[in-house]
Amino acid sequence: MSKDILNEITNGIVHLEYENVKKLVNSALEKGIKPLDVLEALRRGLEKVGEKFEKQEYFLSELIMAGEIMKDLLNILKPYLLSENPKAKGKIVLGTILGDLHDIGKDIIKTLLISSGFEVYDLGIDVPPEQFVEKAKEVDADIIGISALLSTTVPTTAEVIKYLEKAKLRKKVKVIIGGAAVRKEHIKKYGVDAAVNDAMEGLNIIKAWMETK
Amino acid sequence: MKPRERVIKAILHEEPDRVPLDGQFRTEQLFNLKRHLGVNEDEEVLIKLGIDLRTVFMEPSNEFKKKAIPLKQYPERWVIKRPDGLLEDEWGIRYSEGATGIYIHWVYHPLQEKDLSEYEFPDIDAEGRFENAEKNVKKWMNIYATTASVEMTLFEQAWYLSGYRNFIKQLYENPSFVNKLLDKIRLFRERQIKRFVEMGVDIIKFGDDVGMQTNMMLSPYIWRKFFKPRMQQLINIAKKRGVFIYYHSDGYIEPIIPDLIEIGVDILDPVQPECMDPAKIKKMYGDRITLHGTISIQETLPFGSSDDVKNEVLNRIRTCAPEGGLILGPTHKIQIDVPIKNIITLYEVAKKSGKYPIRI
């Protein structure tokens, strides 16, 4: 019974049925199904949406819509989850680099990271390099993720590395850059650990880092 | 051959004297180009580079312009500087300048607070909106191919007014709101297009960014449901008067190219080589659509050498220019990280090697 309703929740997210999923979540909680299991069902749904996005069966509008449904449902779940805080797979500080005001790419990877169980600290857009490092220090982050769409802003990522070295955190914190203007050669050029222009590739690299940590 | 004839022949898939050229530049680059070429006026830069098209814009009303200033990043857009530091345009949309001052970001959308029924669109008949466009069309019409911008046609104007994530959500949850908003925008665009058509422009530039690097922002299903039929209505107004249709969307939009052709688009811009292979698009649709742009603004122009630029231009001419159907230029307004020598190389190589019949 509980397995059925959890499967329905997962499928509801995949088919973007906002009202239906909301009803199902409320009814699952009323029936005494564990909030963590409900969360897992939602996460599985979002993960499937991510896979469909990667296969180009789904487009950004669907990924955003699934993310919006998830955001609202997390608010419903939050009070139930306070007592059962699941351990995150890792902490990541995320933001679009100084001078760049694009947030779509950053929000895609954010949705995928949340759906994979990461704790994400989103600094927004136009983020000064030192702010990435300050936040990483404050929350004891494992990873810094830097987004850049513009060819003019990618070089500023090198500054983040300098601040990390200055804070003696370079060995502890991995750095990944992503965005349309990002190229593989930027790994060496700017001293980062990974460079991608595909969100799914970024997610897989981050997962692999945390598995071997 | 006059630039206008050159462009029209290319759009009709005939071979003119050479591949027609286009290009737009950020204000800082125009300044650099003027200094480099030893000229004083923007127009002289376009002439020296061999650019065959000229674009006109709709402007805010005179009344709004009295209290506003042109945005330095996009001089065709005017804004009021608010006491809170934000910039506000005639539609009530607010922007903030990034920390570096190079780009702007949308931060406030009037339909977040106001109901659509209470929101008033700018008065399209207000004085000052089309006077400069009219003057420029008269000046250029017998020499250059004149294009009129009706960009941010539907999708972009809709999300500027209602917020990006919010509008996407409404597309799935509240089609009745979406239909009302899009119809209101469509009626405004209809009148805008009619004014430009009456002036005698050759090309109407439609534009809505619906592509990303490797996928589309909007699902083709959603695009076909809400946007395609309205685009068709707008295109018909211009087509009836023999005006060519140009459509701009950055990024990857391959799934909707056949739809765009079906509703009457003649010119596809910018065909970013990182997102869609121009040679492949030419092979598949080149007899029905003209490619505009195609030279990489993400990679080759900012980071490549002059030789890289030359090779890309030659490659594009070889694969996309035969039998017309190519208007060459950068795939976006040239940004500040592009070396001047790469800009000059693009246009010099294209003028020299783009002569028909193509022999590369």
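Everything numeric in this text was worked out from a predicted model, so none of it was measured.

Rules used in this analysis
Residues numbered from 1 in each chain as written. Chains lettered and ligands numbered in written order. Predicted model: local features only at pLDDT ≥ 70, side-chain atom pairs only at ≥ 80, totals over all residues. Helix = DSSP H or I, 4+ residues; strand = E, 2+ residues; numbered from the N terminus. Rg over C-alpha atoms; globule rule 2.2 N^0.38 Å. Buried ≥ 20, exposed ≤ 12 C-beta atoms within 10 Å, placed from the backbone. Contact = placed C-beta atoms within 7 Å. Pairing = 2+ DSSP bridges. Right-handed = clockwise from strand over helix to strand, strands pointing away. Nonpolar A, V, L, I, M, F, W, Y, C, P; charged D, E, K, R; others polar. Domains from an automatic or database assignment. Axes fitted to C-alpha atoms, helices over the stretch in contact; angles between N-to-C directions. Core = buried A, V, L, I, M, F, W, Y, C linked by C-beta atoms within 7 Å. Expected span 1.5 Å × (residues − 1). Arc of directions from axis to C-beta.

Caption draft 1: Region of the structure containing the overall build of chain B. From N to C terminus, chain B includes 14 helices and 12 strands. Computed over the C-alpha atoms, the radius of gyration of chain B is 20 Å, within 12% of the 21 Å expected from 2.2 N^0.38 for a compact globule of 360 residues. The buried share of chain B, taken over its 360 residues, is 43%. For chain B, contacts bridging at least 24 residues in sequence account for 71% of all contacts bridging at least 6.

Caption draft 2: Region of interest: the pairing of strand β1 (residues 91–96) of chain A. Residue and element names in this part refer to chain A. Counting buried positions along β1 gives five out of six residues, so the element sits mostly inside the fold. As judged from the four bridges shared by β1 and strand β2 (residues 119–122), these two strands associate in the parallel manner. Bridge pairing in β2 links V93 to Y121. Between β1 and its parallel partner β2, the chain crosses via helix α5 (residues 104–115), and the hand of that crossover is right-handed. In this sheet, strand β3 (residues 143–147) lies alongside β1 in parallel orientation, the contact comprising five bridges.

Caption draft 3: How the structure looks around the interface of chain B and chain A. Taken together, the contact pairs 27 residues of chain B with 23 residues of chain A. Only α7 (164–173) and α12 (300–303) of chain B provide two or more residues apiece to the side of chain B that touches chain A. Counting residues per element, the side of chain B that touches chain A draws most heavily on α7 of chain B, which supplies six residues. The class makeup of the residues in the side of chain B that touches chain A is 14 nonpolar, nine polar and four charged.

Caption draft 4: Highlighting the domain arrangement of chain B. All names here are of chain B. Taken domain by domain, chain B consists of domain 1 (3–58 + 130–353) and domain 2 (64–113). One C-alpha centre belongs to domain 1, the other to domain 2; they are set 24 Å apart. Listed per partner, the contact involves six residues of domain 1 and 10 residues of domain 2. Looking at which element gives the most residues to the side of domain 1 that touches domain 2, the answer is helix α6 (residues 155–162), with three residues. Class assignment of the residues belonging to the side of domain 1 that touches domain 2 gives a composition of three nonpolar, three polar and no charged.

Caption draft 5: Here's a closer look at the sheet that holds strand β4 (residues 174–178) of chain A. Residue and element names in this part refer to chain A. In space, the five strands of this open sheet follow the order β2-β1-β3-β4-β5, with parallel pairing throughout. If you trace the sheet from one side to the other, it starts and ends with β2 and β5 (194–196), each paired once. Here the strands of the sheet are splayed against their neighbours by 20 degrees on average, with no regard to which way each runs. Examined bridge by bridge, β4 and β5 share three bridges and lie parallel to one another. From the neighbouring strand, G178 faces β5, where its bridge partner is V196. Across the sheet, helix α9 (residues 199–212) touches β1, β3, β4 and β5, and the angle it forms with β4 is around 175 degrees.

Caption draft 6: Geometry of unusual backbone geometry. Residues and elements named next belong to chain B. A cis amide bond links D269 with the next residue in sequence, P270, at an omega value of -5 degrees. Looking at the element boundaries, P270 is found in the loop between β10 (267–269) and α11 (278–285). Between Y356 and P357 the backbone carries a cis peptide bond, its omega angle lying at -5 degrees. A positive phi angle, near 60 degrees, is found at H13, a position not held by glycine. By the secondary structure assignment, H13 is in the loop between α1 (3–11) and α2 (27–37). Phi at E323 takes a positive value of approximately 65 degrees, unusual for a residue other than glycine.

Caption draft 7: Inspection of the nonpolar core at higher detail. Within the largest apolar cluster, 153 residues are counted, with the highest numbers of intra-cluster contacts made by I9 and I144 of chain A together with I204 and I245 of chain B. If we ignore the near neighbours within four places in the chain, the residues touching I144 of chain A are V93, F132, A136, V160, V173 and V175 of chain A.

Caption draft 8: View of the environment of R82 of chain B. Structurally, R82 of chain B is set in the loop between β3 (78–81) and β4 (87–88). The spatial distance from the C-alpha of R82 of chain B to the C-alpha of R94 of chain B is 9.2 Å, given a sequence separation of 12 residues.

Caption draft 9: How the structure looks around the domain arrangement of chain A. Residues and elements named next belong to chain A. Domain boundaries in chain A define domain 1 (2–81) and domain 2 (91–212). The gap between the C-alpha centroids of domain 1 and domain 2 is 27 Å. At the interface, eight residues of domain 1 touch eight residues of domain 2. Mapped onto the side of domain 1 that touches domain 2, the elements with two or more residues apiece are α3 (35–54) and α4 (60–81). Sort the elements by how many residues they give to the side of domain 1 that touches domain 2 and α3 lands first, with five residues. Looking at the side of domain 1 that touches domain 2 residue by residue, the class counts come to three nonpolar, two polar and three charged.

Caption draft 10: Spatial organisation of the sheet that holds strand β6 (residues 104–108) of chain B. Pairing within the open sheet is antiparallel, and its five strands lie in the order β2-β3-β4-β5-β6 (chain B). Two strands bound the open sheet, and with one partner strand each, they are β2 (69–70) and β6 of chain B.

Caption draft 11: Representation of helix α14 (residues 340–353) of chain B in the model. All names here are of chain B. Here α14 spans 20 Å end to end across 14 residues, near enough to the 20 Å set by a 1.5 Å rise per residue. For α14, the full list of buried residues reads N342, I343, T345, L346 and A350. Axial view of α14: buried residues confined to an arc of 160 degrees, hence all on one face. In α14, the exposed positions that point more than 90 degrees away from the buried face belong to K341 and K352. The secondary structure elements touched by the buried residues of α14 are α2, β11 (290–295), α12, α13 (306–320) and β12 (326–330).

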